[in-house]
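Coordinates in review
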Amino acid sequence: MGRFIVRRLILAVPTLLMISFVLFAVLSLAPGDPLSQFAANPAVPPEVRENIKRSLGLDQPWPIRYVKWLLSMVQGDWGFSFGSRIPVWELLKLRIPSTLAVVGTAYLVSLVLAVPIGIVSALRQYSLMDHVATTLAFIGFSLPTFFTGLLLIITFSVKLQMLPFIYDSTLQVRDMDTLAAQLKQSIMPIAVLALFQTATVVRYTRASVLENLPLDYVRTARSKGLAQPTVIGRHVVRNSLIPVVTLVALSAPTVFSGALITEQIFRVPGIGALLINSIQNSDTPVVMAITFTFSVLVVLFNLLADVIYGVLDPRIRYD
Amino acid sequence: MATTVTAQDLVRSPAVAEPVLRRPARSLWSDAWHQFRRHRLAMLGVVVFLALIALTLLGPLLYHTPTDAIDYSQGLLGPSVDHPFGTDDLGRDLLARALIGGRVSLAVGVVAVLISITFGTLIGSIAGFFGGQVDGLLMRFTDLFLALPALPLLLLTIYLFRDVLRKAFGPEVGIFLLIVAVIGMLNWMPCSRLVRAAFLSIKQKEFIEAARCVGAKDSRLMFSHILPNTLSVIIVAATVNVGQAIITESALSFLGLGFPPDVPTWGRLLYDAQNFLDLAPHWAIFPGLLIFLTVLSINYIGDGMRDALDPRKTH
């Protein structure tokens with residue numbers, strides 16, 4: 001197992017190299033000058049612009065810039081943001097906590113809800129509860145997150161005036177009141193992400209349990225005289241959750257992408273909002289850093305899914 | 001021999017066997033259609049989806065209210081007889097805009113999927129058919145694309161290249177081509193894997209060996225013998241992808257990086273509506289419902305097709 005993880009980690013390196021190369025190439029070859037805002041400004045003469053360009057290293061050909069970016073990135077230096085004049089890493093550090101808080105909670109909430117619902121729904125196939133659960137899951141799965149977000153705002157902020165629709169990141173939790181405010185402003189962004197993720201996981205869990213129920217080992221467990229809760233809890237569920245765990249690990253990057261949209265709707269100043277702003281301001285180092293972070297997440301969670309699969313399912317052998 | 005009566009003859013008397021023999025031949029597709037028709041929600045999905053297509057194609061011909069008639073005195077009105085979907089801040093009729101925009105949204109979904117399916121099938125069939133090093137190389141390529149962060153990359157490429165394409169093909173066609181190409185090229189990977197897997201199993205079958213023995217060339221084996229047998233896999237994947245592509249386009253427009261304001265796609269309408277949620281919730285609700293209905297019906301159709309084309313489930 002240890003050797004497998006090491007080998008997969010080594011294999012991930014060329015993938016990430018290729019991805020970073022592609023991203024860098026797209027960014028550098030694209031028309032659009034990061035210094036275009038200076039070009040429009042008559043107070044900045046062309047010579048000064050050239051100087052700024054040189055100080056940012058933009059006068060060199062892009063393959064050289066790529067190698068330089070790569071070397072400093074490996075050493076932990078992610079470059080300077082063109083827009084805010086602080087290291088990219090500092091900028092990310094400011095934004096990551098709010099994204100992680102929202103995405104992480106949504107992820108947990110969806111798991112806590114979805115797995116039991118999926119299991120019960122499969123055990124009582126074609127019951128009223130199953131019909132309700134599968135229909136809701138289908139609807140949740142087909143509702144785009146941006147529409148759910150707007151619907152929630154219309155219902156809870158505009159009509160009922162219960163929840164604020166703008167996320168205030170300066171809010172610090174000091175006492176019960178601020179805690180309540182923090183909870184109130186987090187409910188909707190979390191709910192939007194959690195709804196979609198829950199729907200996906202319910203469908204998957206239900207299908208997986210249904211696939212396992214008619215198998216021989218379940219009949220064996222029953223004929224041994226085991227009680228229903230033991231058969232389900234110790235045998236069926238444990239086996240059915242193997243693919244579900246993989247799906248959950250694989251969908252983590254999708255949830256982060258979903259955060260791009262919810263952050264836009266609720267004005268959460270997270271990493272997704274930063275990405276959109278930086279794209280619009282041609283802040284190349286920040287864009288590069290965030291998109292590359294996303295790729296690392298994808299590769300990492302793919303690896304994690306593989307490893308978890310191997311740990312949970314002893315039939316899978318890595319050699 | 002002729003006088004021996006087997007158990008089968010006793011069970012299946014000629015009178016019963018006759019109608020069975022006379023039953024018209026049934027192909028995979030007619031079987032699938034029979035199966036599909038029994039999936040009530042999928043049939044409902046077909047009806048709703050066709051209705052939505054008809055509405056966006058024929059609607060603007062029958063509903064004559066202009067999409068861009070600005071009238072500030074009519075701004076932000078709720079649904080009424082004159083304006084069934086209400087009006088936006090400039091007093092433009094939202095039903096007319098939603099109908100015209102729907103054409104674009106649906107077209108993006110279908111064309112993007114055609115691109116991704118074509119490319120995915122091509123890669124998958126070459127990898128699956130030739131195997132070996134070609135397969136290894138193409139699958140590495142697929143894995144690389146799978147590891148690309150789709151939404152951020154979509155945003156990035158569209159932002160970076162839209163001005164160029166706008167200049168080359170005009171504002172609407174240019175951005176349409178760009179969005180369709182980018183969505184298509186970031187979604188072909190699952191299809192290529194499915195097609196590859198199907199090719200790998202089908203090329204081992206006897207009928208392929210037989211075809212090879214009569215001298216069929218590689219291209220004939222690939223396109224006339226194996227590919228038709230993978231169609232069911234491709235069609236199911238394509239159906240579900242249309243819904244995803246429509247959501248992706250709407251998401252891009254919603255983030256302000258899709259179509260320009262004068263092309264009112266459903267996502268663009270939502271983007272414009274989000275600052276008026278308190279005064280004009282109808283502005284967001286109607287286009288959102290249209291996206292939701294489209295995607296829901298497509299997903300049910302996909303579900304029905306998956307059941308219908310799954311040979312394990314034939315009744």
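For the structure, see preceding data.
For the structure given in this document, a descriptive report is provided here. (Residues numbered from 1 in each chain as written. Chains lettered and ligands numbered in written order. Predicted model: local features only at pLDDT ≥ 70, side-chain atom pairs only at ≥ 80, totals over all residues.)

1. What to know about the overall build of chain B
Looking only at helices and strands, chain B has 13 helices and zero strands in total. When the helices and strands of chain B are placed in sequence order, the string is α-α-α-α-α-α-α-α-α-α-α-α-α. Per-residue burial over chain B gives 41% buried out of 315 residues. (Helix = DSSP H or I, 4+ residues; strand = E, 2+ residues; numbered from the N terminus. Buried ≥ 20, exposed ≤ 12 C-beta atoms within 10 Å, placed from the backbone.)

2. Thoughts on the overall build of chain A
Within chain A one finds 12 helices and zero strands. For chain A, the N- to C-terminal ordering of α and β elements is α-α-α-α-α-α-α-α-α-α-α-α. The C-alpha extent of chain A, read off along each of the three principal axes, is 85 × 60 × 35 Å. For chain A, the proportion of its 319 residues judged to be buried stands at 34%. Restricting the contact set of chain A to residue pairs at least 6 apart, pairs at least 24 apart contribute 73%. (Contact = placed C-beta atoms within 7 Å.)

3. A word on the interface of chain B and chain A
The figure often quoted for interface size is the accessible area lost as the parts come together. Counting residues at the interface gives 34 residues for chain B and 37 residues for chain A. Broken down by secondary-structure element, the contributors of at least two residues to the side of chain B that touches chain A are helix H6 (132-147), helix H7 (150-169), helix H11 (218-254) and helix H13 (281-309) of chain B. Tallied by class, residues from the side of chain B that touches chain A come to 26 nonpolar, five polar and three charged. (Nonpolar A, V, L, I, M, F, W, Y, C, P; charged D, E, K, R; others polar.)

4. Describing the nonpolar core
Leu193 of chain A together with Leu154, Leu155, Ile158, Ile179 and Leu270 of chain B are the most contacted members of the largest nonpolar core, which has 143 residues in total. Ignoring anything within four residues of it in the chain, the contact list for isoleucine 158 of chain B reads Leu178, Ile179, Val182, Leu252 and Leu257 of chain B. (Core = buried A, V, L, I, M, F, W, Y, C linked by C-beta atoms within 7 Å.)

5. Focus: the packing of helix H5 (residues 88-123) of chain A against helix H10 (residues 228-266) of chain A
Residue and element names in this part refer to chain A. Running from amino to carboxyl end, H5 crosses H10 at an angle of 145°, the nearest separation of the two axes being 10 Å. Two packed elements cross with a definite hand, and for H5 against H10 that hand is right-handed. Contact with H5, carried on its side by Thr99, Val102, Val103, Ala106, Tyr107, Leu111, Val115, Ile119 and Leu123, involves Ile232, Val237, Val244, Val248, Val255, Phe256 and Ala259 of H10 and no other residues of that element. Of the residues belonging to the contact of H5 with H10, the class tally is 15 nonpolar, one polar and no charged. (Axes fitted to C-alpha atoms, helices over the stretch in contact; angles between N-to-C directions. Left-handed = near helix turned anticlockwise from the far one by under 90°.)

6. Considering the packing of helix H5 (residues 94-130) of chain B against helix H9 (residues 189-202) of chain B
All names here are of chain B. The geometry of H5 relative to H9 is characterised by a closest axis approach of 7 Å and an angle of 35° between their N-to-C directions. Of the two elements, H5 crosses H9, and the hand of that crossing is right-handed. Between H5 and H9, the residues in contact are Ser116, Ile117, Gly120, Thr121, Ile123, Gly124, Ser125, Ala127, Gly128 and Phe129 and Met189, Cys191, Ser192, Arg193, Leu194, Val195, Arg196, Phe199 and Leu200, respectively. Each residue belonging to the contact of H5 with H9 can be placed in one class, and the counts come to 10 nonpolar, seven polar and two charged.

7. Some points on unusual backbone geometry
Most peptide bonds take the trans form, and the phi angle of most residues other than glycine is negative. Residues and elements named next belong to chain A. Notably, tyrosine 126 is not glycine yet its phi reads approximately 70°, a positive angle. Here tyrosine 126 is to be found in the loop between H5 and helix H6 (128-142). The residue arginine 267 is not glycine, and still its phi comes out positive at about 55°. Topologically, arginine 267 is positioned in the loop between H10 and helix H11 (271-280).

8. Thoughts on the environment of alanine 199 of chain A
Of note, alanine 199 of chain A is situated in helix H8 (residues 176-212). Not counting residues within four places of it along the chain, the set of residues in contact with alanine 199 of chain A comprises Ala137, Gly140 and Phe141 of chain A.

9. Some words on helix H3 (residues 46-55) of chain A
H3 of chain A sits mainly on the outside: zero of its 10 residues count as buried. Just downstream of H3 of chain A, glycine 57 of chain A is the residue with a positive phi angle, here 80°.

10. Quick word on the environment of asparagine 281 of chain A
All names here are of chain A. Inspection of the secondary structure puts asparagine 281 in the loop between H11 and helix H12 (284-312). Exposure remark for asparagine 281: the 17 C-beta atoms within 10 Å place this residue in the partly exposed category. Distance from asparagine 281 to phenylalanine 82, taken between C-alpha atoms, is 8.9 Å for residues 199 residues apart in sequence.

11. Examining the environment of isoleucine 64 of chain A
All names here are of chain A. The topology assignment puts isoleucine 64 in helix H4 (residues 62-74). Judged by C-beta crowding, with 10 C-beta atoms within 10 Å, isoleucine 64 ranks as exposed. Once the C-alpha coordinates of isoleucine 64 and glutamine 125 are considered, the two residues, 61 residues apart in sequence, prove to be 60 Å apart.

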